[in-house]
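Okay, here's what each chain looks like letter by letter:
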Amino acid sequence: MNRPQIHEYSPWGDTYIKLVDGDIMEILERQATEFSDFINSLVEKADYAYAPGKWTIKEIFGHIIDTERILVYRLTCIARGEVQHLPNFEEDAYVAGAHFSDRSLLSLSHEFALLRKANLYLFQSLTEPELDRIGVASEKNISVRALLYIIAGHIMHHVNTIKERYL
């Protein structure tokens, strides 16, 4: 699969897309297990935040799960030809309303792995015409292809942040 072209997404997507290097489908598949393993390795730091007002490890993982659901919803809508504009979401409000601190890190790990494995069936079924489709989400144009790269890059971005600021 070709990388998304600049006309397929707005500049915010570049933060994530530039992190993806290699076969996108292989990366998405590997993340299903590698990211869960990474989550499981941080049990002792599950409730740690590197500064006041910053998310804990659990909250970051919960945010990743929520974001995957939202991005896959957008991907599905656009792939199926939805013409309605898809709404934005406020990540801080989602995390604040989610009570991730009440959950175990292991449950978040299992949830992510199952969610990604289910999403892989959708990702693998996408045709070239579906990958090329562009819709509007958060008032910006975005293609199905770009969303796949953003989904993978979003995880990479947060893994980098955790390694830099939490470990």
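Residues numbered from 1 in each chain as written. Predicted model: local features only at pLDDT ≥ 70, side-chain atom pairs only at ≥ 80, totals over all residues. Heavy atoms only, no water.

Chemist: Describe the packing of aromatic side chains, and please don't skip the residues or the numbers.
Modeler: Going through the model one piece at a time under the given rule, you end up with eight aromatic pairs. Between the aromatic rings of Phe-35 and Phe-61, the centroid separation amounts to 5.3 Å while the plane-to-plane angle is 80°, which identifies the pairing as edge-to-face. Linking Phe-35 in helix 2 (residues 24–40) with Phe-61 in helix 3 (residues 57–79), this pair joins segments that are 26 residues apart in sequence. Note on Phe-35: relative accessible area 4%, which makes it buried. For the pair Phe-35 and Phe-112, a centre-to-centre distance of 4.9 Å together with 75° between the ring planes defines the contact as edge-to-face. (Phe/Tyr/Trp six-rings, centres within 6.5 Å; stacked < 30°, edge-to-face > 60°. Helix = DSSP H or I, 4+ residues; strand = E, 2+ residues; numbered from the N terminus. Buried < 20%, exposed > 50% of the residue type's maximum accessible area, 1.4 Å probe, protein only.)

Chemist: Would you mind going over the environment of His-158 in detail, with residue names and values included?
Modeler: By secondary structure assignment, the location of His-158 is in helix 7 (residues 144–165). Overall, His-158 belongs to the buried group, its relative accessible area being 10%. Considering only alpha carbons, one finds His-158 and Asp-21, 137 residues apart in sequence, at a separation of 16 Å. If we ignore the near neighbours within four places in the chain, the residues touching His-158 are Ile-60, His-63 and Ile-64. (Contact = heavy atoms within 4.5 Å.)

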